[in-house]
Amino acid sequence: MTETVSAGEAAHRLGIAVTTLRTWDRRYGLGPTGHEPGRHRRYGPTDLDRLAEMNRLTGQGVPAAQAAAWVLGQDRRAASRAGGGHAVAVGADGPAVRGLTRAALRLDAAELQAVISAAVAARGVAAVWPALLAPVLIHIGRKQAETGRLIEVEHLLSGEISAVLRTVGRPAGPPRILLACADEEQHTLAFEALAAALGEAGVPVRVLGARVPASALLDAVRRTGPDAVAVWSQTSSTGDGSRLRGLLDRRPAPKLVLAAGPGWHTVPPEVARPQSLAEALTLLTR
Ligand code: B12
């Protein structure tokens, strides 16, 4: 059976007053769906999602009437898409992940930009990447693999994420950390997030970006002498760990070499293998 909660519990979960909840119901029709007159109002998961969206929008300064119209309109858009459109199961992930996934599927660039920049401004990249951005990318990637479609969604979403991550300030000072994607690796977002999170932590970093041949990476290491080098591989075709050997063999070798991302295989044992943004941050800021 679907779990439903009382108005008091719903308000508590959203961090708003019960009176606000009742006002939204009375004025804008944002009450529990399927409510029978004379019975207590019980809010289900969809109702809570709608209210969370309403709360988020009003929290960003959108007038309540406009926010309600948007939330209710989104419901209608979702209903009209059912059957013909794309639905992505977001499982246990919360309403924020669902909302952003839907905005991506609608190719709603303005909404993507607004939501991602508000989230990053409020909570920082180190929190928003694992809680919101990575789950949305993973859902969309899964759906893309199932359908063979949605490449346009991946491109738009990636572009909007990159644009927001680039707005995070980079601290001054000589970078002691070098980040690069492996040769032929075009998936850059995780390292864009890592660079931004390091920036938030006040750590200067040099980022070489996508598709860095092993010889170019070695040249950059020779020229800049970083303490730590991290290389990202998303797919196994770019994750031949033996190519990291050159970094370990050069003298002086960087104190720390990281192979990050799910693509890596046959990685030399001296190389660290962080499994998350948080773990990479800990290793690099130690
Ligand atoms: C966005 C995206 C793109 C964008 C990239 C834009 C950019 N600037 O980065 C574009 C459109 C360019 C693209 C291109 C391609 N992509 Co693509 N893409 C993705 C997508 C949706 C997200 C990539 C990403 O940022 N991942 C990073 C995080 C969000 O995901 P994750 O690695 O799975 O996260 C896990 C860990 O890595 C860890 N983690 C998460 N964040 C971080 C951060 C750090 C620092 C660390 C250490 C760990 C960590 O936690 C997660 C759970 O374990 C993925 C789906 C996916 N699951 O990744 C497909 C995906 C990676 N792409 C895929 C493919 C096939 C391609 C293409 C070959 C063709 C295509 N179908 O699009 C091309 C070629 C790219 C190339 N040669 O490099 C496949 C790879 C399949 C495979 N296993 O080989 C995936 C998995 C989607 C799918 N169809 O199944 N892609």
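Residues numbered from 1 in each chain as written. Predicted model: local features only at pLDDT ≥ 70, side-chain atom pairs only at ≥ 80, totals over all residues. Heavy atoms only, no water.

Structural notes on the coordination of the cobalt atom of the ligand
Six octahedral donors around a metal ideally subtend angles of 90 or 180 degrees, whereas four tetrahedral donors ideally subtend 109.5 degrees.
Consideration 1: Looking at the protein side alone, the cobalt atom of the ligand has one donor only, His187 (NE2), at 2.2 Å.
Consideration 2: When you line up the elements, His187 lands in the loop between strand E3 (177-181) and helix H9 (189-200). (Donors = N, O, S within 2.8 Å, 3.2 Å for Na, K, Ca; no water. Helix = DSSP H or I, 4+ residues; strand = E, 2+ residues; numbered from the N terminus.)

Regarding the pattern of salt bridges
Consideration 1: Enumeration according to the criterion identifies 13 salt bridges in this entry.
Consideration 2: Between Arg13 and Glu9 there is a salt bridge, with its nearest N and O atoms 2.9 Å apart. Pair noted here: Arg13 and Glu9 are both in helix H1 (residues 7-14), with a separation of four residues, about one helical turn.
Consideration 3: Via salt bridges that share partners, Glu3, Glu9 and Arg13 belong to a single interconnected network. (Salt bridge = Lys/Arg side-chain N within 4 Å of Asp/Glu carboxyl O.)

Regarding the environment of Thr167
Consideration 1: Note that Thr167 resides in the loop between helix H8 (151-166) and E3.
Consideration 2: Judged by relative accessible area, which is 61%, Thr167 ranks as exposed. (Buried < 20%, exposed > 50% of the residue type's maximum accessible area, 1.4 Å probe, protein only.)

Concerning the site of the ligand
Consideration 1: Taken together, the neighbourhood of the ligand is formed by 26 residues, with Trp129, Gln186, His187, Thr188 and Gln234 sitting nearest.
Consideration 2: Contact distances for the ligand include 3.3 Å between an oxygen atom and a side-chain N or O atom of Glu185.
Consideration 3: One of the side-chain nitrogen or oxygen atoms of His187 is found 2.8 Å away from a nitrogen atom of the ligand.
Consideration 4: For the shell around the ligand, the secondary-structure elements that each account for two or more residues are helix H7 (125-147), H8 and H9. (Near = heavy atom within 4 Å. Polar contact = N/O pair within 3.5 Å; in protein donor to acceptor, adjacent residues only side chain to side chain.)

Some words on the pairing of E3
Consideration 1: Counting buried residues along E3, five of its five residues qualify, which places the element largely inside the surrounding structure.
Consideration 2: Pairing between E3 and strand E4 (residues 206-207): two bridges, direction parallel. Looking at the pairing, Leu178 lines up with Arg206 of E4.
Consideration 3: This β-α-β element, E3 to H9 to E4, shows right-handed connectivity. (Pairing = 2+ DSSP bridges. Right-handed = clockwise from strand over helix to strand, strands pointing away.)

Side note on the sheet that holds E3
Pairing between the strands of a sheet comes from backbone hydrogen bonds, and it takes one of two forms, parallel or antiparallel.
Consideration 1: Taken together, the four strands give an open sheet; going across it, the order is E4-E3-E5-E6, and neighbouring strands pair in parallel fashion. Every other strand in the sheet has two partners, leaving E4 and strand E6 (256-260) as the edge strands with one partner each.
Consideration 2: Across the sheet, H9 touches E3, E4, strand E5 (228-232) and E6, and the angle it forms with E3 is around 165 degrees.
Consideration 3: Packing against the sheet, helix H10 (residues 214-224) makes contact with E3, E4 and E5, and its axis sits at approximately 170 degrees to E3. (Contact = heavy atoms within 4.5 Å. Axes fitted to C-alpha atoms, helices over the stretch in contact; angles between N-to-C directions.)

Regarding the domain arrangement of the chain
Consideration 1: Here the domain parsing of the chain yields domain 1 (5-59), domain 2 (82-165) and domain 3 (177-285).
Consideration 2: Relative to domain 3, the C-alpha centre of domain 2 lies at a distance of 25 Å.
Consideration 3: If you look at the interface, domain 2 gives 10 residues, while domain 3 gives nine residues.
Consideration 4: Taken together, the two surfaces of domain 2 and domain 3 that pack against each other cover about 750 Å², and 75% of this comes from carbon and sulfur.
Consideration 5: If you look at where domain 2 meets domain 3, you find zero salt bridges.
Consideration 6: Connecting domain 2 to domain 3 are three residue pairs in polar contact (both at pLDDT 80 or more).
Consideration 7: If you list the elements that add at least two residues to the side of domain 2 that touches domain 3, you get H7 and H8.
Consideration 8: Looking at the side of domain 2 that touches domain 3, the element that brings in the most residues is H7, giving five residues.
Consideration 9: Per-class residue counts for the side of domain 2 that touches domain 3 are seven nonpolar, three polar and no charged. (Domains from an automatic or database assignment. Buried area = accessible area lost by both parts, 1.4 Å probe. Nonpolar A, V, L, I, M, F, W, Y, C, P; charged D, E, K, R; others polar.)

As for the nonpolar core
Soluble globular proteins tend to bury their nonpolar side chains together.
Consideration 1: Ranked by size, the top nonpolar core spans 51 residues in total, and within it Val125, Trp129, Leu179, Leu194 and Leu284 carry the most contacts.
Consideration 2: The element that contributes the greatest number of residues to this core is H9, accounting for nine residues.
Consideration 3: Residue assignment places this core across two domains, with domain 2 (82-165) and domain 3 (177-285) each supplying three or more.
Consideration 4: What Val125 contacts, discounting residues up to four positions off in sequence, is Val120, Pro130, Leu165, Val168, Ala193, Ala196, Ala197, Glu200 and Leu277.
Consideration 5: Formed by 17 residues, the second largest nonpolar core is a distinct cluster that contains Ile16, Leu30, Leu48 and Ala68. (Core = buried A, V, L, I, M, F, W, Y, C linked by side-chain atoms within 4.5 Å.)

Quick word on the packing of aromatic side chains
Consideration 1: This model, assessed by the stated rule, comprises one aromatic pair.
Consideration 2: On the basis of an interplanar angle of 55 degrees and a centroid distance of 5.6 Å, the ring pair of Phe191 and Trp232 is categorised as tilted. Taken together, the positions of Phe191 in helix H9 and Trp232 in strand E5 put the pair 41 residues apart, joining distant regions of the chain.
Consideration 3: Take Trp232: its relative accessible area is 12%, and that puts it in the buried class. (Phe/Tyr/Trp six-rings, centres within 6.5 Å; stacked < 30°, edge-to-face > 60°.)

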